[in-house]
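Given next are the chains, with one letter for each unit.
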Amino acid sequence: MDILNLIEQNKLPGVFEEDLQSRLAVALFQACFRPMLDQKANGSWNDSIEETAYAVLILSEARRVCFFNDLRQPLDDAIKRGVAFINSIEERPLHYIWIEKVSYASRLLTDAYVLGALKAASSVPKGDATIGASLWKNTSSSSLDKHVKLFSKAELFSAHPEWELTGSMIEAVLLKPLLLKRRLEVFQRQGMQEDKYFDLIPLFWTSPNNRARTFASATFLYEVSLLSMLTYQVDEFMEASAAPAFKGRMFELRKLIYSVLPEEQQAESNGTKEQNGHTNGNGTASAQEEVLATLKGFKKYCFENPLVKTASAADQKTLERELRTYLLAQVQQEEDSAKFRQLKESGKPGAGSTSTFYSWARSTGADNVSGPFAWAFIGCLLSSTLTPGGGKEVFPTAGEKYVAADVYRHLATMARIYNDLGSIRRDQEEGALNSVNFPEFESHESVDSKKNVLHKLGEYEFSCLTLAFKQLEDLRSQGVEATKDLAGARLSKRRMNIWSMFLDQVVLFDQIYVIKDLSSHHIVQEKA
């Protein structure tokens, strides 16, 4: 906090770049906000006088930072409850605390921390805090409130106080400059409307992370927020750039994807035409080369990421497979939608896809929403950072691998269903294939009836997801018990907590998507 104050006063010119200042702000906010979330109902932290004194000292300092101006009331309330707990204990028992690999208790130190906490709590600053103002410029309370009100409508937050979402929103805003710096690193977004989803991307991660008290690292939140941003941009790119460049020749776009992400048996047999971005002279080579360069850039982003590079070979292979499947599903979705539009214009019935709804929802439909790809990417992050020694397989046994695949298949299918539930009208306007366009829904005449069916199917997939995830946790526990590795057990439990938070993130997105369509449409340029 003192460093941030010195930066504000311009006493450390050139020492901290903007990127590092943003990271400092995120770390500072998390260090102060997370204790607020951990306070017990009796006002204490862990029923410990000394730990409660630590927290009161932290929260008292937080009142000096402008990030907490919109949280001032819950912040003051938390401090008061902490002080009340301290004062309620007449005889202060020694409470052993595990710090720096040592369990210790000192009545003298405890008394010192208590006195410091009571002094700090009584020193209430007047007016709004100003430290951190340079990193909080152009941020209004009204813009925060708008997003908080939206997220508070989600069932996931129905039992949580609104100030928790406000804190998650502030954390998301502090992450935003780090994302903006890399916003156009892979996809140029030429001819796109404003990406209205951008402000919400980190909130989709900070809010479930804080809700579940998972407290994943700032690095993890940054990486997955970037990933979410890019998956939005993939959808835009495939629809607005790649599909038009290969209109009527989608098989050539598939070849291009295979040239960038070949299957093992194809790795040495791909022709140079696709790799060079030329397709028998049809269309403009520049447009095709641009698509090829973008696909290569996306692959590079994924596999040149330091955390992915240090993941296990098996998890990297899974990521490569799911990335290829994801991009190919984008192509198939564009083809199916094009056929659907043709049938619609000709007045003929049909969905444009030869699959049944069940098969489509579990294959192209599921892969198209990026769930399996995101799961694989997160698997690499966890392999690199939360396995013994780093770089071990995130799911070490055959049983865990199988059930994990089932988990993310149900997850992706559920996401597809809720995605379509929230975008029926938009898909009708754009002529995009939606779940309700399959023949299975013809017996349901009204849109509301079709929505009701989709909602029930989404609930069914969620129940399957919940059951599969429980089975995955059981397999993890059995594996840990068999190895007798305590350190490995702690890491595997931590991984499962993060996986659970990821599932919450997908559920949250589905709930918000139904409330409000978040997609950013590309601009259709009128022909002269």
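Residues numbered from 1 in each chain as written. Predicted model: local features only at pLDDT ≥ 70, side-chain atom pairs only at ≥ 80, totals over all residues. Heavy atoms only, no water.

### A few points about the overall build of the chain
Along its length, the chain carries 21 helices and two strands. A compact globule built from 528 residues should have a C-alpha radius of gyration of about 24 Å, and the chain, at 26 Å, falls within 12% of that. Along the longest, intermediate and shortest principal axes, the C-alpha atoms of the chain span 80 × 60 × 50 Å. A burial count over the chain gives 50% of its 528 residues as buried. Considering only contacts within the chain whose residues lie at least 6 apart along the sequence, 78% involve residues at least 24 apart. A total of about 25300 Å² of accessible surface is found on the chain, and carbon and sulfur atoms cover 52% of it. Considering the chain, the positive charge centre built from 61 side chains and the negative charge centre built from 68 side chains are found 1 Å apart. (Helix = DSSP H or I, 4+ residues; strand = E, 2+ residues; numbered from the N terminus. Rg over C-alpha atoms; globule rule 2.2 N^0.38 Å. Buried < 20%, exposed > 50% of the residue type's maximum accessible area, 1.4 Å probe, protein only. Contact = heavy atoms within 4.5 Å. Areas by Shrake-Rupley, 256 points an atom, 1.4 Å probe, with all protein chains shown as cover. Lys, Arg positive; Asp, Glu negative; His and termini not counted. Charge placed at Lys NZ, Arg CZ, Asp CG, Glu CD.)

### A look at the side chain of Ser 370
Following the sequence through the fold, Ser 370 ends up in the loop between helix H16 (364-368) and helix H17 (371-385). Owing to a relative accessible area of 10%, Ser 370 belongs among the buried residues under this scheme. Discounting chain neighbours no more than four positions away, the residues touching Ser 370 are Thr 231 and Tyr 326.

### Notes on the packing of aromatic side chains
Tallied over the entire structure, the rule returns 26 aromatic pairs. Both rings, one in Phe 298 and one in Phe 373, keep their centres 5.8 Å apart while their planes meet at 65 degrees; by these two values the pair is edge-to-face. Note that Phe 298 is positioned in helix H12 (residues 285-303) and Phe 373 in helix H17, a separation of 75 residues in sequence. As far as burial versus exposure is concerned, Phe 298 and Phe 373 are alike and both buried. Each residue in the set Trp 205, Phe 220, Trp 375, Phe 395, Tyr 408, Trp 499 and Phe 502 is aromatic and connected to the rest through ring pairs, giving one cluster. One residue, Arg 23, lies across the ring of Tyr 222, its end atom 5.1 Å from the ring centre. (Phe/Tyr/Trp six-rings, centres within 6.5 Å; stacked < 30°, edge-to-face > 60°. Lys NZ or Arg CZ within 6 Å of the ring centre and 35° of its normal.)

### Some points on the pattern of salt bridges
Applying the stated criterion to the full structure yields 23 salt bridges. Here Arg 249 and Glu 252 are joined by a salt bridge, their closest N and O atoms 2.4 Å apart. The class of Arg 249 is buried, set by a relative accessible area of 13%. With relative accessibility at 5%, the residue Glu 252 sits in the buried group. Glu 393 is the partner of Lys 401 in a salt bridge, and the nearest nitrogen-oxygen pair spans 2.4 Å. Residue Lys 401 is classed as partly exposed on the basis of its relative accessible area of 37%. Residue Glu 393 is classed as partly exposed on the basis of its relative accessible area, which comes to 31%. In the salt-bridge network here, residues are joined through shared partners; they are Asp 2, Glu 61 and Arg 64. (Salt bridge = Lys/Arg side-chain N within 4 Å of Asp/Glu carboxyl O.)

### Structural notes on helix H18 (residues 398-422)
Counted at 1.5 Å a residue, the expected span for H18 with its 25 residues is 36 Å, and the 36 Å between its end C-alpha atoms agrees. With 18 of its 25 residues buried, H18 lies for the most part within the structure. (Expected span 1.5 Å × (residues − 1).)

### Some points on the nonpolar core
If you look at the biggest cluster of nonpolar residues, it comprises 151 residues, and the most contacted ones within it are Phe 67, Phe 68, Phe 151, Phe 298, Trp 375 and Trp 499. Ranked by the residues each element gives to this core, the list is headed by helix H9 (residues 218-245), at 15 residues. (Core = buried A, V, L, I, M, F, W, Y, C linked by side-chain atoms within 4.5 Å.)

### Considering unusual backbone geometry
A positive phi is found at Asp 47, a non-glycine position, where the angle reads about 55 degrees. The exposure class assigned to Asp 47 is partly exposed, which follows from its relative accessible area of 42%. A positive phi angle, close to 55 degrees, is found at Phe 215, a residue other than glycine. Examined against the element boundaries, Phe 215 turns out to sit in the loop between helix H8 (203-211) and H9.

### Side note on the environment of Gly 488
Along the chain, Gly 488 falls in helix H21 (residues 486-515). Looking at Gly 488, the relative accessible area reads 11%, which means it is buried. Gly 488 sits 361 residues away from Gly 127 along the chain, and the two C-alpha atoms are 49 Å apart.

### Comments concerning the side chain of Thr 294
Within the element layout of this structure, Thr 294 appears in helix H12. By relative accessible area, Thr 294 is classed as buried at 11%. Among the polar contacts listed, one links the side chain of Thr 294 to the backbone oxygen of Glu 290, at a separation of 2.8 Å. Residues within four places of Thr 294 in sequence aside, it is in contact with Val 186, Phe 187 and Phe 237. (Polar contact = N/O pair within 3.5 Å; in protein donor to acceptor, adjacent residues only side chain to side chain.)

### Here we look at a positive patch on the surface
Together, Lys 146, Lys 153, Lys 196 and Lys 516 give the surface a local cluster of positive charge. Here Lys 146 is to be found in helix H6 (residues 141-152). Judged by its relative accessible area of 55%, Lys 146 is exposed. (Patch = residues over 30% accessible without salt bridge, like charges linked within 9 Å, V, L, I, M, F, W, Y side chains within 5 Å.)

### Observations concerning the packing of helix H2 (residues 18-38) against helix H7 (residues 162-180)
Running from N to C, H2 and H7 point in directions that differ by 165 degrees, and their axes come no closer than 8 Å. Between H2 and H7, the angle falls in the class roughly antiparallel. Read as a crossing pair, H2 and H7 show a hand that is left-handed. Where H2 abuts H7, its residues Asp 19, Ser 22, Arg 23, Ala 25, Val 26, Phe 29, Gln 30, Phe 33, Arg 34, Met 36 and Leu 37 lie against Trp 163, Glu 164, Gly 167, Ser 168, Ile 170, Glu 171, Leu 174, Leu 175, Pro 177 and Leu 178. (Axes fitted to C-alpha atoms, helices over the stretch in contact; angles between N-to-C directions. Parallel < 35°, antiparallel > 145°, perpendicular 65-115°, else oblique. Left-handed = near helix turned anticlockwise from the far one by under 90°.)

### Some details on the confidence of the model for the chain
In the predicted model, the chain carries a mean pLDDT of 89, and 92% of its residues have values of at least 70. Long-range and interchain partners of residues 270-281, a stretch whose pLDDT sits below 50, account for 28 contacts in this model, where long-range means more than four residues apart. Overall, residues 521-528 carries pLDDT values under 50, and its contacts beyond four positions in sequence, including any with other chains, amount to 11 contacts. (pLDDT = per-residue confidence, 0-100.)

### Here we look at the packing of H9 against helix H14 (residues 313-346)
Two packed helices can be described by the angle between their axes and the distance between those axes. Two elements in contact, H9 and H14, have axes separated by 11 Å at closest approach and are oriented at 45 degrees. On the basis of their axis angle, the class for H9 and H14 is oblique. The handedness of the crossing between H9 and H14 comes out as right-handed. Across the interface between the two elements, Thr 231, Val 234, Asp 235, Met 238, Glu 239 and Ala 243 from H9 touch Tyr 326, Leu 327, Gln 330, Val 331 and Glu 334 from H14. Of the residues assigned to the contact of H9 with H14, the class counts are six nonpolar, two polar and three charged. (Nonpolar A, V, L, I, M, F, W, Y, C, P; charged D, E, K, R; others polar.)

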